[in-house]
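Structural features, examined
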Amino acid sequence: MTGIYIHVPFCARKCPYCDFYSVPYRKVTAELYVQAVIRNLNHYRNFDSVDSIYFGGGTPSLLSAKQISDILETCSKNFKLDSTPEITLEYNPSRADFQYLYDLRTAGIKRLSIGTQSFSDSQLKLLGRTHTAEQNLQTVRNAEKAGFHNISCDLMLALPYQTEEVLSETLEILTSLPIQHVSAYLLQIEENTPFYTNPEILDNLPDDDSSVDRYLQTVSTLENAGFYQYEVSSFAKPGFESQHNLRYWYCQDYLGIGAGAHSCIQNRRFSVPEDVQLFCKNQIQQEITISETACDPEEKLMLAFRTSRGVPESSLSQNARKKLPMLIKNDYIKLKENNCIALTPKGFAVSNAVIAALLDI
Ligand code: SF4
């Protein structure tokens, strides 16, 4: 069983904090790109059964519903789809219109991951997003009206001027919406982005303690609203965990299609060059091998520690096991009934440090 990831590297405008590969949207290029995606889906056909398809970006919602439908039809023609595959599309709320959402639903999209980020207009403006808080609300409401009952919203934390009160207002709105999943990310300042040299941003970033406080505020508000934390950044109502993203954390296979997409198939990891023109020109995408050996046990443990499932205590080294009582006492980790060790919310907030301590990195 595998998942298919389709990368759509077009954006209407570059957000000043984003270092993902993307190019400005052009209608003609997008059509050539969709044709290239379809050629590749025909090429990889039948290689495994598929239980999840994920359109990520970039901004997949810049494609037309017909283009999405053509891609999905090619998937069903070429792959044995699970009886209830999870089919997700990342959605930019600048486009809140009901008809488009309805057409996506008809095309076969079952789950939306909406890039809401915040429900404060001043925070959205600061982030250089092209949508308002009202458009966020409109998108979620129209998505529900269009028949989506598996909706995720993105939330950004550790933002300049994001006080407890500012975040609390956003969380209050978020938890009142008909959504089933939240992905909450801490803002990272990446080199080669405008934020990296923007004094207003740099001078007003929260310190580490405030970032942890905002994270824990988010965890407890979401938990009180029925969203349980199943991964460091992911919260879901029971039964609405992202099956596709769980593949990454559980080291399961996925096939990536598109410029800049990554794949891991039977322990072989490869990527496609970040070059839209080249992807459109090539008959079949170029695969650049990253590694041909299975993830080493340490890598697997690191990924597993990101999830609330945690790792079996027996898989830890003697040295790591000696550190457990202290980490449990300080509420960074917990021992679960099945003898698995998992991070607590406080541990997730500083997960890199806790995992490094446990893996002797
Ligand atoms: S819309 Fe998403 S992918 Fe595009 S620039 Fe903004 S954050 Fe990056």
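Residues numbered from 1 in each chain as written. Predicted model: local features only at pLDDT ≥ 70, side-chain atom pairs only at ≥ 80, totals over all residues.

1. Side note on the overall build of the chain
Heads up, the condition is: Put simply, DSSP H or I for four residues or longer makes a helix, DSSP E for two residues or longer makes a strand, and each gets a number counted from the N terminus. Between the two quantities, the radius of gyration covers C-alpha atoms and the globule rule is 2.2 Å times the number of residues to the power 0.38. Contact between residues is assigned whenever the C-beta positions, reconstructed from backbone atoms, fall within 7 Å.
When helices and strands are tallied, the chain shows 14 helices and 17 strands. Relative to a compact globule of 361 residues, whose C-alpha radius of gyration would be 21 Å, the chain shows 21 Å and is just as compact. If you line up the chain on its principal axes, its C-alpha atoms span 55 × 45 × 40 Å. The contacts of the chain with a sequence gap of at least 6 include a subset with a gap of at least 24, amounting to 71%.

2. Here's the deal with the sheet that holds strand 15 (residues 311-312)
So the rule is basically this: For two strands to be treated as a pair, DSSP must find at least two bridges joining them.
Strand order in the open sheet formed by 3 strands is 15-17-16, with antiparallel pairing between adjacent strands. Lying at the two open borders of the sheet, with one neighbouring strand each, are strand 15 and strand 16 (333-335). Here strand 16 runs beside strand 17 (residues 340-343); their pairing, made up of 3 bridges, is antiparallel. Within strand 17, the position partnered with lysine 334 by the bridge is alanine 342.

3. Details of helix 12 (residues 318-329)
We count it as follows: Any residue with 12 or fewer other C-beta atoms within 10 Å of its own C-beta is exposed, any with 20 or more is buried, and the rest are partly exposed; the C-beta atoms used are placed from the backbone.
Little of helix 12 sits out of view: just 0 of its 12 residues are buried. Just downstream of helix 12, aspartate 331 is the residue with a positive phi angle, here 65°.

4. What to know about the environment of tyrosine 25
With respect to the secondary-structure elements, tyrosine 25 resides in the loop between strand 3 (23-24) and helix 1 (27-43). Given 17 C-beta atoms within 10 Å, tyrosine 25 falls into the partly exposed group. Residues within four places of tyrosine 25 in sequence aside, it is in contact with Phe10, Cys11, Ala12, Ala30 and Leu62.

5. Thoughts on the domain arrangement of the chain
Our working rule: For the purposes of this description, domain bounds are those given by an automatic or database domain assignment. In this count, Pro and Cys sit with the nonpolar residues alongside Ala, Val, Leu, Ile, Met, Phe, Trp and Tyr, while Asp, Glu, Lys and Arg are called charged and the others, Gly among them, polar.
Split into domains, the chain comes out as domain 1 (2-248) and domain 2 (298-359). The C-alpha-based centres of domain 1 and domain 2 are spaced at 28 Å. Facing the 8 residues of domain 1 at the interface are 9 residues of domain 2. Here the element with the most residues in the side of domain 1 that touches domain 2 is helix 8 (residues 208-224); it accounts for 4 residues. Across the side of domain 1 that touches domain 2, the residue classes break down as 6 nonpolar, 1 polar and 1 charged.

6. Comments concerning the site of the ligand
Defined as follows: Should the C-beta atom of a residue, placed from the backbone, lie within 6 Å of a molecule or strand, that residue is near it.
Neighbouring the ligand are Cys11, Lys14, Cys15, Cys18, Phe20, Ser22, Gly57, Gly58, Thr59 and Asn92. Looking at side-chain class alone, the shell around the ligand contains 4 nonpolar, 5 polar and 1 charged residues.

7. As for the environment of aspartate 154
With respect to the element layout, aspartate 154 can be found in strand 7 (residues 151-157). For the pair formed by aspartate 154 and glutamate 292, sequence separation is 138 residues and the distance between their alpha carbons is 33 Å. Apart from the residues lying within four places of it in its own chain, the contact partners of aspartate 154 are Ser113, Ile114, Gly115, Thr116, Gln117, Ser183 and Tyr185.

8. Overview of the packing of helix 12 against helix 14 (residues 351-359)
In plain terms, the rule: Helix axes are fitted to C-alpha atoms over the stretch in contact, other axes to C-alpha atoms as well, and angles between N-to-C directions run from 0 to 180 degrees. Any angle that falls under 35 degrees is termed roughly parallel, while one over 145 is termed roughly antiparallel, one within 65 to 115 roughly perpendicular, and all others oblique.
Look at helix 12 against helix 14: their axes get within 8 Å of each other, and the N-to-C directions meet at 140°. Here helix 12 lies oblique to helix 14, going by the angle between them. Counting all contacts with helix 12, which are made through Ala320, Lys323 and Leu327, the residues of helix 14 involved are Val354, Ala357, Leu358 and Leu359. Considered class by class, the residues forming the contact of helix 12 with helix 14 number 6 nonpolar, no polar and 1 charged.

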